[in-house]
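# Geometric and topological summary
Below, each chain spelled out in residue letters.
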Amino acid sequence: MILLKEITTPSVFYAEAENLLIEAFPPEERRPLEQQRQYTDHNTQFQAQVIICDFDFAGILNTWNLGDVTYVEHLAIKKELRGLGLASQALSKLKLRGKPIILEVEPATDETTRKRIQFYEKNGFRSEPVIYEQPSYGEGLPAIAMRIMTCGTISDLNGTIRKLKKTVYGVDE
């Protein structure tokens, strides 16, 4: 059984969370660390959470409140704890909040990306038939072709994607 705990930068778990973010996501899939810290402490729509298992740090789940939809920005489990179902448990807890969920995932181009998509499908997500490019996280970083996956009913997917891009990446379309 796991616990999701919201954190801020003074948290005893913050350094581990930041290190896992760096380890699990390349620079083009995460914002600069100073901005990450600023959002963690001051952006009310952003929620940095740690996944706690047996009282120890096990992973991260960073989400955004987009009103009637939750956006999962980052989900990662420590390497030595992967395969134990902790990420599935974290998603189950997130689903209990009652909002539809949207996330971005790399297209299936190799075994790792195929497994990632299968993981989300196993957890109730479906790929949406939209062409999507994740905006850049910052100057000098590229935009990335991604797939959108959702869990639950999102009545206006295109509107939600516009809101996601504006809220998370600061991009108006």
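Just so it is clear, the structure is predicted and the values come from calculations on it, not from any experiment. By convention here, each chain's residues receive numbers from 1 onward along its written sequence. A pLDDT threshold of at least 70 governs which residues receive local features in this predicted model, and a stricter bar of 80 or more applies before side-chain atom pairs are shown or counted, although totals over entire chains, interfaces and linings include all residues. Water and hydrogen atoms were dropped before computing side-chain values, which therefore reflect all heavy atoms in the structure.

### So, the packing of aromatic side chains
Here the aromatic set is Phe, Tyr and Trp, taking the six-membered ring for Trp, and pairing holds for ring centres within 6.5 Å; pairs whose planes are under 30 degrees apart are stacked, those over 60 apart are edge-to-face, and all others are tilted. For the structure on display, the rule yields six aromatic pairs. For the pair Phe119 and Tyr120, a centre-to-centre distance of 5.0 Å together with 70° between the ring planes defines the contact as edge-to-face. In this scheme, a residue with accessible area under 20% of its type's maximum is buried, one over 50% is exposed, and one in between is partly exposed, where area comes from a 1.4 Å probe on protein chains only. The buried category is assigned to Tyr120, whose relative accessible area is 8%. Here a set of aromatic residues connected by ring pairs shows up, and it is made of Tyr39, Phe46 and Trp64.

### Side note on the layout of surface pockets
In this analysis the probe radius is 1.4 Å and the grid spacing 1 Å, with only protein atoms considered; a cavity is a set of points the probe fits into but cannot get out of, a pocket is an open set with protein on both sides within 12 Å along at least five of seven lines, and lining residues have an atom within 4 Å of a point. Grid points are joined across faces, edges and corners, and a volume is the space filled by probe spheres set on the points. In this structure, the largest pocket spans a volume of roughly 780 Å³. Around the largest pocket, the lining comprises 35 residues; the ones closest to its centre are Leu75, Ala76, Arg116, Phe119 and Tyr120. By the criteria applied, helices consist of DSSP H or I runs no shorter than four residues and strands consist of E runs no shorter than two, each listed in order from the N terminus. Counting only elements with at least two residues in the lining of the largest pocket, the list comes to α1 (14-24), β4 (70-77), α3 (86-95), β5 (101-105) and α4 (111-122). Top element by residues in the lining of the largest pocket is β4. It accounts for seven residues. Amino acids are sorted into nonpolar (Ala, Val, Leu, Ile, Met, Phe, Trp, Tyr, Cys and Pro), charged (Asp, Glu, Lys and Arg) and polar (every other residue, Gly among them). Counted by class, the lining of the largest pocket contains 19 nonpolar, six polar and ten charged residues. Looking at the second largest pocket, its volume works out to about 150 Å³. Gln47, Thr63, Trp64, Asn65 and Arg97 are, among the 15 residues lining the second largest pocket, the residues nearest its centre. Elements represented by at least two residues in the lining of the second largest pocket include exactly α2 (33-42), β2 (46-53) and β3 (56-65).

### Quick look at α1
Three or more residues of α1 are buried, namely Tyr14, Ala17, Glu18, Leu20 and Leu21. Down the axis, α1 shows its buried residues gathered within 160° of arc, on one side only. Contact criterion: two residues are considered in contact whenever any of their non-hydrogen atoms come within 4.5 Å of each other. Where the residues of α1 are buried, they touch α2, β2, β3 and β4. It is the directions from the helix axis to the C-beta atoms that the arc portrays.

### Remarks on α2
Regarding α2, the residues found buried are Gln36, Tyr39 and Thr40. Within α2, the buried residues cover an arc of 100° as seen down the axis, which keeps them to one side. Looking at α2, the residues exposed on the side facing more than 90 degrees away from the buried face are Glu34 and His42. Among the structural elements, α1, β2 and β3 are those in contact with the buried residues of α2.

### Comments concerning the side chain of His74
Among the secondary structure elements, His74 is positioned in strand β4. Of the residues examined, His74 reaches a relative accessible area of 0% and is grouped as buried. Here a polar contact is recorded for every N or O atom pair within 3.5 Å, except that within protein the pair must consist of a potential hydrogen donor and a potential acceptor, and residues adjacent in sequence are included only if both atoms are side-chain atoms. A polar side-chain atom of His74 sits 2.8 Å from the main-chain carbonyl oxygen of Glu29. Leave out the neighbours within four places in its chain, and His74 touches Leu21, Phe25, Glu29, Arg30, Ile60, Leu61, Asn62 and Tyr137.

### So, empty space enclosed by the protein
Per the stated rule, a full pass over the model turns up one cavity of 30 Å³ or more. Taken as a whole, the largest cavity encloses approximately 70 Å³ of empty space. Counting residues per element, the ones that place at least two in the lining of the largest cavity are α1, α2, β2 and β3. If you tally residues by element for the lining of the largest cavity, the top one is α1, at four residues.

### Here's the deal with the environment of Asp110
Locating Asp110 in the fold gives a position in the loop between β5 and α4. With 52 residues separating them along the chain, Asp110 and Arg162 place their C-alpha atoms 29 Å apart. A polar side-chain atom of Asp110 sits 2.8 Å from the main-chain amide nitrogen of Thr113.

### Some details on the packing of α1 against α2
In this description, a line fitted to the C-alpha atoms serves as the axis of each element, helices being fitted only across the stretch in contact, and the angle between N-to-C directions of two axes falls anywhere from 0 to 180 degrees. Contact pair α1 / α2: the axes reach a minimum separation of 12 Å and the direction vectors enclose 135°. Comparing their axes, α2 and α1 come out oblique. Considering the relative orientation of α1 and α2, their crossing is right-handed. Counting all contacts with α1, which are made through Tyr14, Glu18, Leu21 and Ile22, the residues of α2 involved are Leu33, Gln36, Arg37 and Thr40. Residues that form the contact of α1 with α2 fall into these classes: four nonpolar, two polar and two charged. Any angle that falls under 35 degrees is termed roughly parallel, while one over 145 is termed roughly antiparallel, one within 65 to 115 roughly perpendicular, and all others oblique. By convention, the crossing between two helices is left-handed when the near helix turns anticlockwise from the far helix through less than a right angle, and right-handed when the turn is clockwise.

Don't take any of this as a statement about function, it's just geometry.
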